[in-house]
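Residue-level structural notes
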Amino acid sequence: MQLAGVAAVVTGGGSGLGEATAVALAAGGAKVAVLDINAEGAARVAAAIGGISAVCDVADSDSAVAALAIATAAHGPARILVNCAGVVNPGRVVGRDGPLPLAAFEKVIRINLIGTFNLMRLVAAGAQSLEPFEDGERGVIVNTASVAAYDGQIGQPAYGASKAGVVGLTLPAARELARFGIRVVTIAPGLFQTPMMASLPAEAQASLGAMVPYPPRLGVPSEYADLALHIVSNRMLNGETIRLDGAIRLAPR
Ligand SMILES: NC(=O)c1ccc[n+]([C@@H]2O[C@H](COP(=O)([O-])OP(=O)(O)OC[C@H]3O[C@@H](n4cnc5c(N)ncnc54)[C@H](O)[C@@H]3O)[C@@H](O)[C@H]2O)c1
């Protein structure tokens, strides 16, 4: 899909991978709405790229409907959705203080998996009746899983499950939305240098980076954004999850 003049929505756009993608989409000429639960981050990014921002809790139906209404009023219905909002919230099945509180597990599933589906369903509903472009293409949805969907570590039962859910959502959604010319593709990043990662000490970040076979470093957000934009432009990519990870396979811990 072309970017010029097309409305795009990026969740989690106020930081990290979403921020880099919002910047790249805008540089390509898209009209970008930055959605984030962090109003300040969303507003900062939107101001930098000449887009608009809307506060949105992706896990909440009403909040997503309201945020998309703001985006649509400014730019028209979105054809491009990049789902980057997510949380890690590690916790063992049975930790020092006993079993993981169910609410902790549920929170990660709600934001990472249900939040992804929430925005997907709403943006697809808006895009399905838009004028088609070449090949009948109406929209493209890029989701963000993680390599933890496949090789989740100790302490990642909720995160790994939520991201495996995003992987599992990809093909059935792509198959269903195919008749409207809406593609669905998921990126499974390895280890990327974002504020999420910056919460770890520098030493830990360096040692994590050194575990990557090649290149032996953390990924940078623009490398994620490059792939997201390629997915948007390449119509043959559909219904697939692409690992973007320098060949890393996570160890148990
Ligand atoms: N950084 C990595 O190494 C890495 C690796 C694999 C997958 N990922 C995934 O990539 C995505 C982006 O992560 P990042 O590293 O840029 O993290 P980040 O913390 O920099 O950005 C995540 C953004 O999501 C927002 N967010 C959190 N909960 C939200 C909610 N309920 N509604 C709306 N927005 C919400 C945060 O405010 C933040 O701006 C996440 O889904 C993450 O799981 C990251």
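Scroll up a little and you will see the structure.
Report follows, based on the coordinates. (Residues numbered from 1 in each chain as written. Predicted model: local features only at pLDDT ≥ 70, side-chain atom pairs only at ≥ 80, totals over all residues. Heavy atoms only, no water.)

Let us look at the overall build of the protein. Secondary structure assignment for the protein yields nine helices and nine strands. A compact globule built from 253 residues would reach a C-alpha radius of gyration of about 18 Å, and the protein, at 17 Å, matches this within 12%. When the backbone C-alpha atoms are referred to their principal axes, the protein occupies close to 55 × 40 × 35 Å. In the protein, which comprises 253 residues, the share counted as buried stands at 49%. A fraction of 72% describes how many contacts in the protein between residues 6 or more apart in sequence connect residues 24 or more apart. Carbon and sulfur atoms form 58% of the exposed surface of the protein, whose accessible area is close to 11,400 Å². Across the protein, the 18 positively charged side chains and the 19 negatively charged ones have centroids separated by 4 Å. (Helix = DSSP H or I, 4+ residues; strand = E, 2+ residues; numbered from the N terminus. Rg over C-alpha atoms; globule rule 2.2 N^0.38 Å. Buried < 20%, exposed > 50% of the residue type's maximum accessible area, 1.4 Å probe, protein only. Contact = heavy atoms within 4.5 Å. Areas by Shrake-Rupley, 256 points an atom, 1.4 Å probe, with all protein chains shown as cover. Lys, Arg positive; Asp, Glu negative; His and termini not counted. Charge placed at Lys NZ, Arg CZ, Asp CG, Glu CD.)

For the rest of this paragraph, the subject is the packing of aromatic side chains. To describe a pair of aromatic rings, one takes the distance between the centres and the angle between the planes. Under the counting rule described, the total for this entry stands at zero aromatic pairs. Sitting over the face of the ring of phenylalanine 133, arginine 79 holds its NZ or CZ atom 3.9 Å from the ring centroid. (Phe/Tyr/Trp six-rings, centres within 6.5 Å; stacked < 30°, edge-to-face > 60°. Lys NZ or Arg CZ within 6 Å of the ring centre and 35° of its normal.)

Between helix α1 (residues 16-27) and helix α9 (residues 221-233), the least distance of the axes is 8 Å, while the angle of their chain directions is 55°. As summarised for this structure, α1 and α9 are arranged oblique, according to the angle between their axes. The handedness of the crossing between α1 and α9 comes out as right-handed. Listed contacts from α9 to Gly16, Leu17, Ala20, Thr21, Ala24 and Leu25 of α1 are Pro221, Ser222, Tyr224, Ala225, Ala228 and Leu229. Partitioned by chemical class, the residues of the contact of α1 with α9 number nine nonpolar, three polar and no charged. (Axes fitted to C-alpha atoms, helices over the stretch in contact; angles between N-to-C directions. Parallel < 35°, antiparallel > 145°, perpendicular 65-115°, else oblique. Left-handed = near helix turned anticlockwise from the far one by under 90°. Nonpolar A, V, L, I, M, F, W, Y, C, P; charged D, E, K, R; others polar.)

With the rule as written, the count across this model stands at nine salt bridges. Between arginine 235 and glutamate 134 there is a salt bridge, with its nearest N and O atoms 3.4 Å apart. Of this pair, arginine 235 sits in the loop between α9 and β9 (241-244) while glutamate 134 sits in the loop between α4 (102-127) and β7 (139-144), and the two are 101 residues apart along the sequence. Of the charged contacts, one joins arginine 235 and aspartate 135 as a salt bridge, the two residues approaching to 2.8 Å between their closest N and O atoms. (Salt bridge = Lys/Arg side-chain N within 4 Å of Asp/Glu carboxyl O.)

Look at the link from tyrosine 214 to proline 215: it is a cis peptide, with omega at -10°. As for its position among the elements, proline 215 is in the loop between α8 (202-210) and α9. Here the phi dihedral of aspartate 135 falls at roughly 65°; this positive angle occurs in a residue that is not glycine. Mapped onto the elements, aspartate 135 comes out in the loop between α4 and β7. The phi angle at alanine 247 is positive, at roughly 75°, despite the residue not being glycine.

This part takes up the nonpolar core. One finds Val9, Leu35, Leu119, Ile141, Leu177, Ile182 and Val184 to be the most contacted residues of the largest nonpolar core, which totals 32 residues. Among the secondary structure elements, those contributing two or more residues to this core are β1 (7-11), β2 (31-36), α3 (61-75), α4, α6 (157-177) and β8 (182-189). Per-element accounting of this core gives the leading share, seven residues, to α4. Counting 30 residues, the second-largest nonpolar core is a separate cluster that includes Leu17, Ala30, Ala46 and Ile242. (Core = buried A, V, L, I, M, F, W, Y, C linked by side-chain atoms within 4.5 Å.)

Turning next to the sheet that holds β2. Taken in spatial order, the seven strands make up an open sheet running β3-β2-β1-β4-β7-β8-β9, and their pairing is parallel. Each edge of the sheet is formed by a strand with only one pairing partner; in this case those strands are β3 (52-55) and β9. Pairs of neighbouring strands in the sheet enclose a mean axial angle of 20°, with direction left out of account. As paired elements, β1 and strand β4 (residues 80-83) share four bridges and run parallel to each other. Within β4, the residue paired with threonine 11 across the bridge is asparagine 83. Running at roughly 165° to β1, α1 makes contact with β1, β2, β4 and β8 of the sheet. (Pairing = 2+ DSSP bridges.)

For α6, with 21 residues, the first-to-last C-alpha span of 30 Å sits near the 30 Å given by 1.5 Å per residue. Residue threonine 170 marks the point of greatest curvature in α6, where the axis turns by about 25°; the proline proline 172 follows within four residues. Buried within α6 are the following residues: Ala158, Tyr159, Gly160, Ser162, Lys163, Gly165, Val166, Leu169, Thr170, Ala173, Ala174 and Leu177. In this structure, the buried side of α6 is in contact with α4, β7, α5 (148-151), β8 and β9. (Expected span 1.5 Å × (residues − 1). Bend = angle between axes of the 7 residues up to and from the residue.)

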